[in-house]
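Tertiary structure, described
Chain residues, written in single-letter form:
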Amino acid sequence: MYLERKQVDDVMGGEDSWKNVDSTDATCPKCDNGRAYFMQLQIRSADEPSTFLIRFGFGANMGSDYVL
């Protein structure tokens, strides 16, 4: 008997969710990219703090991703 993984939907929106996010000049400590893109999401209950997603670079220049 072989198990098959079911296809998982990308509930965060995939790469399209990063198209209209805010950005700032910041240098990544890992990849040395000079542009940071960020978004804030409420993924837990309303009485919990929001989650920040940070991505350095974009497209071919994409470097590291961070979650705060």
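Residues numbered from 1 in each chain as written. Predicted model: local features only at pLDDT ≥ 70, side-chain atom pairs only at ≥ 80, totals over all residues. Heavy atoms only, no water.

The protein chain is annotated in an unreviewed UniProt entry as TFIIS-type domain-containing protein of Malassezia globosa.

Next up on the list: the sheet that holds strand β4 (residues 65-67). Read from one edge of the open sheet, four strands run β1-β2-β3-β4, paired in antiparallel fashion. The strands lining the two open edges of the sheet, one partner per strand, are β1 (22-25) and β4. Going from strand to strand, the sheet's axes swing by 25° on average, the running direction of each strand aside. Pairing analysis gives four bridges linking β1 to strand β2 (residues 35-41), with the strands arranged antiparallel. When the bridges of β2 are listed, Thr24 appears paired with Ala36. (Pairing = 2+ DSSP bridges. Helix = DSSP H or I, 4+ residues; strand = E, 2+ residues; numbered from the N terminus. Axes fitted to C-alpha atoms, helices over the stretch in contact; angles between N-to-C directions.)

Right, let's get into unusual backbone geometry. One non-glycine residue with positive phi stands out, namely Asp32, at about 65°. On the secondary structure map, Asp32 appears in the loop between β1 and β2.

As a further point, take the pattern of salt bridges. According to the stated counting rule, one finds one salt bridge in the structure shown. In this structure, Arg35 and Asp25 form a salt bridge, with 2.4 Å as the shortest nitrogen-oxygen distance. Here the residue Arg35 occupies a position in strand β2, and Asp25 occupies one in strand β1, the gap between them amounting to ten residues. In this structure Asp25 comes out as exposed when scored by relative accessible area, which is 63%. (Salt bridge = Lys/Arg side-chain N within 4 Å of Asp/Glu carboxyl O. Buried < 20%, exposed > 50% of the residue type's maximum accessible area, 1.4 Å probe, protein only.)

Moving on: the side chain of Arg55. Its location among the elements puts Arg55 in strand β3 (residues 51-56). Judged by relative accessible area, Arg55 falls into the buried class, the value being 6%. Setting aside its immediate chain neighbours within four residues, Arg55 contacts Glu15, Trp18, Arg35, Ala36, Tyr37, Met62, Ser64 and Asp65. (Contact = heavy atoms within 4.5 Å.)

Mapped onto this structure's residue numbering, the UniProt feature "domain: TFIIS-type" (unreviewed entry) falls at residues 24-51. Along residues 24-51, the helical share is 0% and the strand share 36%, with 18 Å between the first and last C-alpha atoms. (UniProt positions renumbered as here; feature names shortened; annotations may be inferred.)

Each regular strand displays side chains that alternate between the two surfaces of the sheet. As paired strands, β2 and β3 are joined by six bridges and run antiparallel to one another. Across the sheet, Ala36 pairs through a bridge with Phe56, a residue of β3.

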